[in-house]
Structures are given as structure tokens and as C-alpha cells.
Number of protein chains: 2
Amino acid sequence: MQNSTLTTGQSKGEQLLFLTDDQLRQGIELMFFAYRCFTADPDRILENYAYGRAHHRAIHFINRRPGLTVNDLLDILGVTKQSLNRVLRQLVEDGLVDSRVGRTDRRQRNLFLTDKGQALEQELSASQRVRMRRAYSTAGPESVQGFRTVLEQMIDPDLRERILRMMETRA
Amino acid sequence: MQNSTLTTGQSKGEQLLFLTDDQLRQGIELMFFAYRCFTADPDRILENYAYGRAHHRAIHFINRRPGLTVNDLLDILGVTKQSLNRVLRQLVEDGLVDSRVGRTDRRQRNLFLTDKGQALEQELSASQRVRMRRAYSTAGPESVQGFRTVLEQMIDPDLRERILRMMETRA
DNA sequence: AGTTTATGTCAGTCTTGTTGACTTTCCAAG
DNA sequence: CTTGGAAAGTCAACAAGACTGACATAAACT
């Protein structure tokens, strides 16, 4: 009975045993727990600054793509402008983010991290990289390749395309 | 310059190139986007029932370990009892969860899904399993193994132990 | 009998998301 | 040059879901 519930339309060949509902459910739980640990590190740091996860995300992607517009960021984060604006205003007020009027289109705002912002970004991402590095090196390169492949496939195709393009065109 | 920032103490051998800061950052972003897509499916379903992600998590683990106590669930979810209680009370009121007084220790409450609860669980987890199955089958068994290995390593050791034990002792 | 444990509850706060309405700025098409 | 609409910012109100702290109750343990 155990581990034998095959998914619809799957033959019982050994090569497909990783698609049982049980295996899928285990993957689902691993995602839940891993993500929680993954966000716990920066969350602890953010407490000291009275910021939240939303601030972290903004800082991360501004660092990733310096000069991106508010609309770009909205697109990436998938939240409303009102929600992002609250966070962004704080970061600008606190001198972590520089919001410059667009040169070609002056309606737009190009976002940059200040030195202070970069310092926090470094601190936050360092804490996550420590965890990733440990997991990667314990698991080994082949596992990491598989990890990346599956995660990519979990992302909606149109979003995946945008992300992969973003990752290629790195600073 | 690109993709060449080695992490502290890493030799430049090809076998360790997957530990550059860039690679780690890409892993971090993949986690962010994949998790968002991963939760988007059940979130859409939950809207129809006026429930949130917290309800989903409770339902998931009650289904996973029928008869678990409130304390067990608190331990797994890592939230406060006040936070869980709000959710649990709703689920009991709405007839999705059955809270029975413990037989050996009558202070405890053993939690079970009702038929109605199981139906919703099925609907929710099915939507996630569709995504997982698609990702798994596209990526292939070797990638899935790597995916699982890395995720396990991302989880704090003590929590990891408990989870793996939970996965083994499946219903 | 007193203490600890498991659970439940009330009140209040915070972050982060939402919607809706409105203004300002500015580009571009008519 | 005027005007329509897009981009951005702002204000207000609200909800979910996390938190803390205090307190209640029942049961079990010592």
C-alpha cells in the first residue's frame, strides 16, 4: 500500500516511481520547510532594522538590476504599487535607496541602492548565501544542477523566461 | 568578470564553480520565484472558501498525520498558539476539522479531517501536485533526486531530522 | 495540595497585502 | 497646442495572519 499510489495515466515502470502522489507530497513539504528556513536568516537581520521581508525583496532586486524602474520592480515582485510604494518610501527616506527621475522618460523613477543600501543588501544576502553554500557543497554539483532544473520547471513559463533572461544579463 | 567571484576559501577548480556568489544568488532567486508559483495554485482555490495559506498548512499536516495534537501542529508550523487557534477554530466551526479529546491524556486534542476537510485537502494538494508532477517529469528522476537532496540540506538539521522521520512513518 | 502542561481565549499591535479614488507629471497623438 | 492616457505618487480603509501578553480551565503529575 505504501508508496504505491500511481498518478493518473502513469505506467508502473520503475522509471516513473518518482511521480507517485507520495513522492510529490514529500516534494511539497520539502518546499515548505526549506523555504521557511531559507527566509529565517534574513528575517532575523531585518528585525534589527525594523524592516520586513518586503523590504528585503525590494533591496534584492534593486541591487540585482540597478536603475530598474518602479514598474519593472512591480512586475518582478507581483504586488500592487501601493504596497510597494509604502516599502520604497521608507527605504528612500532612510537613505538606502536612491530614486532618480528617468533621463529619457521623466515620469519614470530609476532605483539604485546607496552605499548604505548596498551594505544591508550584502548583510542580508550573505546570510542566505551561507545557507545555500552549505547545502550546495553538501549535496554536490550534480544535485545542484537537478535542484535548479526542477525549480525552473516549477515556475510559470512566461515568468521563467523573464527570470532566465534576467540571470543571463548580469552585472 | 562575470560569474567569477569565488567564495571565501574556494579553489578555482571546475568542480567548485557552482559555489560562486553568482550561482548562489541565482539559487536564491529561483527559490523565491518557484515558491511563489508553488503557493499561487492553492491560494486561488482558497479564495473561493475565504481561507488563507494558514488554513491550507493546517489542513495539510492534519491530513498527513491524522490525530496529531495541537502541540504537534504548533511545533511543525512554527507559529504561536494564538495564531493557529484562530485558524483551527474556523476549520472546526466550518466542519472541516474534528477536534477530539485525547484518550490517554484528556488535556490534548487530537485533530482529524472530516470528509469535507479531506475533500478540500484533496482539491488543494491536487493543484500543487499537478505543478510538481509537471516539473518532476520534465526535469527527470536524476534532477528530482538532486532537488530533494539540496532542499533537505537547506533545512536546519534538527528540523530536518523530524521531517524525514515524519516522511518515513507515512500512513 | 500545589505545580506543570495542554489548550483556549481576549485584547492589542505590526507587516504586508488588498481596493478604490484622486492628483501630478509628462509623453504623444490628434 | 490641446487633450487623452500612461506612470508615478498619495490617501484612506480594510483584511489576513503573524506577534506579544495576560488570563482561564482542565487534566495530569509530583
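All residue numbers here refer to positions counted from 1 along the written sequence of the relevant chain. Think of it this way: whatever chain is written first is A, whatever ligand is written first is 1, and the rest follow in order. Reporting of local features is limited, given that this is a predicted model, to residues whose pLDDT is at least 70; pairs of side-chain atoms are given and counted only at 80 or more, and all residues count toward the totals for whole chains, interfaces and linings. With hydrogens and water excluded, all non-hydrogen atoms of the structure serve as input to the side-chain values.

Draft legend 1. Looking closely at the layout of surface pockets. The method works on a 1 Å grid over the protein atoms by themselves. A cavity is a set of points holding a 1.4 Å probe that cannot get out, a pocket is an open set with protein on both sides within 12 Å along at least five of seven lines, and residues with an atom within 4 Å of a point line them. Grid points are joined across faces, edges and corners, and a volume is the space filled by probe spheres set on the points. By volume, the largest pocket is sized at about 740 Å³. Around the largest pocket, the lining comprises 33 residues; the ones closest to its centre are A:Tyr35, A:Arg53, B:Tyr35, B:Thr39 and B:Arg53. Counting only elements with at least two residues in the lining of the largest pocket, the list comes to helix H1 (21-49) and helix H2 (53-64) of chain A together with helix H1 (21-49), helix H2 (53-64) and helix H7 (157-168) of chain B. Among the residues forming the lining of the largest pocket, the class breakdown is 14 nonpolar, four polar and 15 charged. Each helix is a run of DSSP H or I of at least 4 residues and each strand a run of E of at least 2, with the numbering of both proceeding from the N terminus. Under the scheme applied, nonpolar residues are Ala, Val, Leu, Ile, Met, Phe, Trp, Tyr, Cys and Pro; charged residues are Asp, Glu, Lys and Arg; polar residues are all the others, including Gly.

Draft legend 2. Inspection of the protein's contact with DNA strand C at higher detail. In these notes, residues near a molecule or strand are those with any non-hydrogen atom within 4 Å of it. In the vicinity of DNA strand C there are 23 residues, among which A:Gly52, A:Arg53, A:Arg57, A:Thr80 and B:Lys81 approach most closely. Counting only the atoms of DNA strand C that lie within 4 Å of the protein, the sugar and phosphate share comes to 56%. A:Gly52 is positioned such that a nitrogen or oxygen atom in its backbone is 3.4 Å from a phosphate oxygen of DNA strand C. Side-chain polar atom of B:Arg89 to a phosphate oxygen of DNA strand C: 3.4 Å apart, as the coordinates give it. For the surface near DNA strand C, the secondary structure elements donating two or more residues are H2 and helix H4 (81-93) of chain A together with helix H3 (70-77) and helix H4 (81-93) of chain B. We call two N or O atoms a polar contact when they sit within 3.5 Å, provided that within protein one can donate a hydrogen and the other can accept it, with sequence-adjacent residues counted only if both atoms are side-chain atoms.

Draft legend 3. A look at the interface of chain B and chain A. Of the residues lining the interface, 66 residues belong to chain B; the matching set on chain A comes to 66 residues. Interface area, chain B with chain A, both sides summed: about 6,900 Å², of which 69% is carbon and sulfur. Among the residues chain B hides against chain A, the three largest losses belong to B:Arg25, B:Leu30 and B:Met154. Together they make up 10% of the total. Within this document, salt bridges are pairs made up of a side-chain nitrogen of Lys or Arg and a carboxyl oxygen of Asp or Glu, the two lying within 4 Å of each other. Here chain B and chain A share ten salt bridges between them. In this structure, A:Asp156 engages B:Arg131 in a salt bridge whose closest nitrogen and oxygen atoms are separated by 3.0 Å. Across the contact surface, chain B and chain A share 22 residue pairs in polar contact (both at pLDDT 80 or more). Of all elements in the fold, only H1, H2, H3, helix H5 (115-139), helix H6 (141-154) and H7 of chain B reach the threshold of two or more residues within the side of chain B that touches chain A. Examining the composition of the side of chain B that touches chain A, we find that 18 residues originate from one element, H1(B), more than from any other. In terms of residue class, the side of chain B that touches chain A is made up of 30 nonpolar, 20 polar and 16 charged. Pairs of residues are marked as contacts when any of their non-hydrogen atoms sit within 4.5 Å. Once two parts are put together, the accessible area they lose, assessed with a 1.4 Å probe and summed over both, is termed the buried area.

Draft legend 4. Spatial organisation of the confidence of the model for chain A. Residues and elements named next belong to chain A. Note on scores: pLDDT gives the predictor's confidence for each residue, bounded by 0 and 100. Predicted confidence across chain A gives a mean pLDDT of 88, with 89% of residues reaching 70 or more. Of all secondary-structure elements in chain A, the lowest mean pLDDT belongs to helix H7 (residues 157-168), at 89, while helix H6 (residues 141-154) reaches the highest, 97. Taken together, the stretch residues 1-14 has pLDDT below 50 and engages in 19 contacts with residues farther than four places along the chain or on a different chain.

Draft legend 5. Spatial organisation of the protein's contact with DNA strand D. Surrounding DNA strand D, one finds 25 residues, the nearest of these being A:Lys81, B:Gly52, B:Arg57, B:Thr80 and B:Gln82. In this structure, a phosphate oxygen belonging to DNA strand D sits 3.2 Å away from a side-chain N or O atom of A:Asn71. Between B:Arg106 and DNA strand D, the recorded distance is 3.0 Å, taken from a side-chain N or O atom to a phosphate oxygen. Those elements that provide at least two residues to the surface near DNA strand D are helix H3 (70-77) and H4 of chain A together with H2 and H4 of chain B. Its residues placed into classes, the surface near DNA strand D shows three nonpolar, twelve polar and ten charged.

Draft legend 6. Spotlight on the relation of the copies chain B and chain A. Under the fitted operation, chain B is carried onto chain A by 0.0 Å of movement along the axis and a turn of 180 degrees, and the coordinates agree to an RMSD of 0.0 Å. Seen this way, the second copy is the image of the first under a two-fold rotation axis. When each C-alpha of chain B is compared by its distance to the rotation axis, B:Phe147 comes out closest, at 1.8 Å. Here 100% of the contact residues of chain B are again contact residues in chain A; the copies associate through an equivalent surface. When the copies are overlaid, the least-squares fit takes in C-alpha atoms only where the residue has pLDDT of at least 70 in both copies.

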